[in-house]
Amino acid sequence: TAIEIEVRNIEELQAALKVVPDMIMLDNMKDQEVVACVPLIRKACPRCKIEGSGGVERERLKQLADLGVDCVSVGALTRKATFVDISMKIISAS
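None of the values given here were measured: they were computed from a predicted structure.

Engineer: Looking at this structure, I do not really get the pairing of strand β2 (residues 23–27). What am I missing?
Structural biologist: The buried fraction of β2 amounts to 5 of the 5 residues, a majority that puts the element mostly inside the structure. Both faces of β2 are covered, namely the face carrying Met23, Met25 and Asp27 and the face carrying Ile24 and Leu26. As paired elements, strand β1 (residues 4–7) and β2 share 4 bridges and run parallel to each other. Within β2, the residue paired with Glu4 across the bridge is Met23. With helix α1 (residues 10–17) bridging β1 and its parallel neighbour β2, the resulting β-α-β unit is right-handed. As paired elements, β2 and strand β3 (residues 49–53) share 5 bridges and run parallel to each other. The partner of Met23 across the bridge, within β3, is Lys49. After leaving β2, the chain enters helix α2 (residues 31–44) and then returns to the sheet as β3, a path that is right-handed.

Thresholds, definitions, all that
- Residues numbered from 1 in each chain as written.
- Predicted model: local features only at pLDDT ≥ 70, side-chain atom pairs only at ≥ 80, totals over all residues.
- Heavy atoms only, no water.
- Buried < 20%, exposed > 50% of the residue type's maximum accessible area, 1.4 Å probe, protein only.
- Helix = DSSP H or I, 4+ residues; strand = E, 2+ residues; numbered from the N terminus.
- Pairing = 2+ DSSP bridges.
- Right-handed = clockwise from strand over helix to strand, strands pointing away.

Written out as structure tokens, the structure is:
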């Protein structure tokens, strides 16, 4: 079982690192916060994956990768997706 912990700031990160999770999600962090968090995670938990999340758009993906984030979650995939209204009607064969 993998453990992932979501953190919103350095204080939450410091508490999360005590657990030594498999993944830490940096939620809604600005670049300077990510820059501060990544080395702390790498030092305390070298095998821990780092996920960027919260308002991530396509244009920011490379930038997050360059800051040391291993993966991202992109809510825009569901928020901006268009939908199709499909219904299924069952007609009796008799």
